[in-house]
Amino acid sequence: MPVSSAGGRRRGRGGQINYWPGFVDALSTLLLAIIFLISVFTVGQFFLSRELSGRDTVLDRLNRQIAELTDLLSLERSNRRTIEETVTSLQTTLQANEAERARLQSLLDSGGAAQAEAQQLNSQLETERQATGRALSQVEILNQQIAAMRRQLAALEEALAASENRDRESQARIADLGSRLNVALAQRVQELARYRSDFFGRLRQILGNRPDVRIVGDRFVFQSEVLFPAGQATLRPEASGEIDRIASALVELERQVPPDIPWVIRVDGHTDQRPISNAQFPSNWALSAARAIAVVQALVARGVQPQHLLAAGFGEYQPLDNGTTEEAYARNRRIELKLTER
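Residues numbered from 1 in each chain as written. Predicted model: local features only at pLDDT ≥ 70, side-chain atom pairs only at ≥ 80, totals over all residues. Heavy atoms only, no water.

- The protein chain appears in an unreviewed UniProt entry as Peptidoglycan -binding protein from Microvirga splendida.

**So, the sheet that holds strand 7 (residues 334–341)**
Here is step 1 of the chain: If you trace the five strands from one edge of the open sheet to the other, you get 3-4-7-5-6, paired in mixed fashion. Two strands lie at the open edges of the sheet, namely strand 3 (213–216) and strand 6 (309–313), each paired on one side alone. Taken pair by pair, the neighbouring strands of this sheet meet at an average axis angle of 25°, ignoring direction.
Here is step 2 of the chain: Judged from the five bridges that link them, strand 4 (residues 219–223) and strand 7 form a sheet pairing that is antiparallel. Paired with Arg-219 across the bridge in strand 7 is Lys-338.
Here is step 3 of the chain: Here helix 5 (residues 240–256) sits on the sheet and contacts strand 4, strand 5 (263–270), strand 6 and strand 7; the angle it forms with strand 5, its principal contact strand, is near 155°.
Here is step 4 of the chain: Contacts from helix 6 (residues 284–301) reach strand 5, strand 6 and strand 7, with the element oriented near 165° to strand 6. (Pairing = 2+ DSSP bridges. Helix = DSSP H or I, 4+ residues; strand = E, 2+ residues; numbered from the N terminus. Axes fitted to C-alpha atoms, helices over the stretch in contact; angles between N-to-C directions. Contact = heavy atoms within 4.5 Å.)

**Some details on helix 6**
Here is step 1 of the chain: Helix length check: helix 6 (18 residues) gives 26 Å between terminal C-alpha atoms against 26 Å at 1.5 Å per residue, within 8%.
Here is step 2 of the chain: Among all positions in helix 6, only Asn-284, Leu-287, Ser-288, Arg-291, Ala-292, Ala-294, Val-295, Val-296, Ala-298 and Leu-299 are buried.
Here is step 3 of the chain: Check the buried side of helix 6 and you find it contacts helix 4 (224–227), helix 5, strand 5, strand 6 and strand 7.
Here is step 4 of the chain: Gly-303, located one to two residues past helix 6, shows a positive phi value of around 105°. (Expected span 1.5 Å × (residues − 1). Buried < 20%, exposed > 50% of the residue type's maximum accessible area, 1.4 Å probe, protein only.)

**Focus: the nonpolar core**
Here is step 1 of the chain: With 29 residues, the main nonpolar core has Phe-222, Leu-227, Leu-250, Ile-265, Val-267, Val-295 and Leu-299 as its most contacted residues.
Here is step 2 of the chain: When contributions to this core are tallied by element, the ones reaching two or more residues are strand 3, strand 4, helix 4, helix 5, strand 5, helix 6 and strand 7.
Here is step 3 of the chain: With sequence-adjacent residues up to four places away left out, Leu-227 is seen in contact with Phe-222, Thr-234, Leu-235, Arg-236, Ala-239, Glu-242, Ile-243, Val-295 and Ile-335.
Here is step 4 of the chain: Among the nonpolar cores identified, the runner-up in size contains six residues, and Leu-59, Leu-62, Leu-153 and Leu-156 belong to it. (Core = buried A, V, L, I, M, F, W, Y, C linked by side-chain atoms within 4.5 Å.)

**Description of the pairing of strand 5**
Here is step 1 of the chain: Of all eight residues in strand 5, seven are buried; the element is thus mostly enclosed.
Here is step 2 of the chain: Of the strand pairs in this sheet, strand 5 and strand 7 are connected by eight bridges, and their pairing is antiparallel. Residue pairing in the sheet places Gly-269 in a bridge with Ile-335 of strand 7.
Here is step 3 of the chain: Examined bridge by bridge, strand 5 and strand 6 share five bridges and lie parallel to one another. By the bridge assignment for strand 6, Gly-269 is matched with Gly-313.
Here is step 4 of the chain: The handedness of the strand 5 to strand 6 crossover, carried by helix 6, is right-handed. (Right-handed = clockwise from strand over helix to strand, strands pointing away.)

**Observations concerning the pairing of strand 4**
Here is step 1 of the chain: Along strand 4, four of the five residues are buried, which leaves the element largely enclosed by surrounding structure.
Here is step 2 of the chain: Of the strand pairs in this sheet, strand 3 and strand 4 are connected by four bridges, and their pairing is antiparallel. Its bridge partner lying in strand 4, Val-216 is registered against Arg-219.
Here is step 3 of the chain: Between strand 3 and strand 4, which pair antiparallel one after the other, the connecting turn spans two residues, and Gly-217 there sits at a positive phi close to 65°.

**Let's talk about helix 5**
Here is step 1 of the chain: Relative to the 24 Å expected for 17 residues at 1.5 Å per residue, helix 5 spans 24 Å between its end C-alpha atoms, a close match to the ideal helical length.
Here is step 2 of the chain: Of the residues making up helix 5, those classed as buried are Glu-242, Ile-243, Ile-246, Ala-247, Ala-249, Leu-250, Leu-253 and Glu-254. In an axial view of helix 5, the angular spread of the buried residues amounts to 165°, which keeps them on one side of the axis. (Arc of directions from axis to C-beta.)

**Re the pattern of salt bridges**
Here is step 1 of the chain: Throughout the structure, instances matching the rule amount to 13 salt bridges.
Here is step 2 of the chain: One salt bridge connects Arg-333 with Glu-225, and the closest N-O pair in it is separated by 2.7 Å. With Arg-333 in the loop between helix 7 (326–332) and strand 7 and Glu-225 in helix 4, this residue pair connects regions lying 108 residues apart in the sequence.
Here is step 3 of the chain: A relative accessible area of 33% places Glu-225 in the partly exposed class.
Here is step 4 of the chain: Two residues, Asp-321 and Arg-331, come together in a salt bridge whose shortest N-O distance is 3.8 Å. Of this pair, Asp-321 sits in the loop between strand 6 and helix 7 while Arg-331 sits in helix 7; the two residues are 10 residues apart in sequence, bridging distant segments of the chain.
Here is step 5 of the chain: Overall, Asp-321 belongs to the partly exposed group, its relative accessible area being 27%. (Salt bridge = Lys/Arg side-chain N within 4 Å of Asp/Glu carboxyl O.)

**Considering the packing of aromatic side chains**
Here is step 1 of the chain: The tally for this structure, following the rule as stated, stands at three aromatic pairs.
Here is step 2 of the chain: Judged by centre distance (5.5 Å) and plane angle (40°), the ring pair of Trp-20 and Phe-23 falls under tilted. Within this pair, Trp-20 and its partner Phe-23 are both found in helix 2 (residues 20–106), separated by three residues, close to a single helical turn.
Here is step 3 of the chain: For Trp-20, a relative accessible area of 52% puts it in the exposed group.
Here is step 4 of the chain: Residue classification places Phe-23 among the partly exposed positions, given a relative accessible area of 43%. (Phe/Tyr/Trp six-rings, centres within 6.5 Å; stacked < 30°, edge-to-face > 60°.)

Right, here's the structure in full:
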């Protein structure tokens, strides 16, 4: 695109072509894409961790229930074996009593003493039969309890299988969400990069090749003296033309960019490292923030939507030149415009 090509190079002294601004534009766009991808990956990891944490909680609870039911089943099996051994013993005793009863029945005719002994044995035999019946009833109850435990174990296994299926479905949905977010991210980054290139090309056209307006990376840099008197945050009257041209470009940008793309023009105020302290500005930070706000208010007054503007004050903490000469101080006293995401 012609405008993009104009934004990617600039003729320097001697007619040489400087490709550095375009290279920095590409690097900044790539950096934004990487940051957004990392954010998407972090969101995906967060939802995946929450899904896995919920599954682990359900699995732990099911495992505890299975362990408790297994212990109870072992105890009931032990009791059943004890009762079965008791029943076997009682059956053996019953058989012995039956044999003894038959022997005594044969002796009934021989005397009353034998008959009394037989009656006593019959009474004992009846008692043993009743005890055996009770033991068999307990065995039946235990069998029913074991069957109920087996049904509970089967239900728990089905619940565990369903939980694992839901976990696999959640992982598939998270992977699909990450893929869609990556595609949307790439599209938004490309669209914003295109509008940034168009906007910068438009600003270059309306501002021209002025020595007091420079391009540093992905930002337009205005020397503070172009817009403000020294040590003040009130715009110069002669700065009105510059503000008008910038506002015109921003209004045109608002009409071009779709509403679903979140973007702002960040207005950054910077000062040099020499301290300032008065009733109006107690620090360089206050002065830089006041100048950024003044530019934002001037743009809003010329029709730029407030939701597309951001004022930031950096004080003396982001210098372009670390020198202590007047030229270095002048370079550091600046207003920067940057098109970025919200």
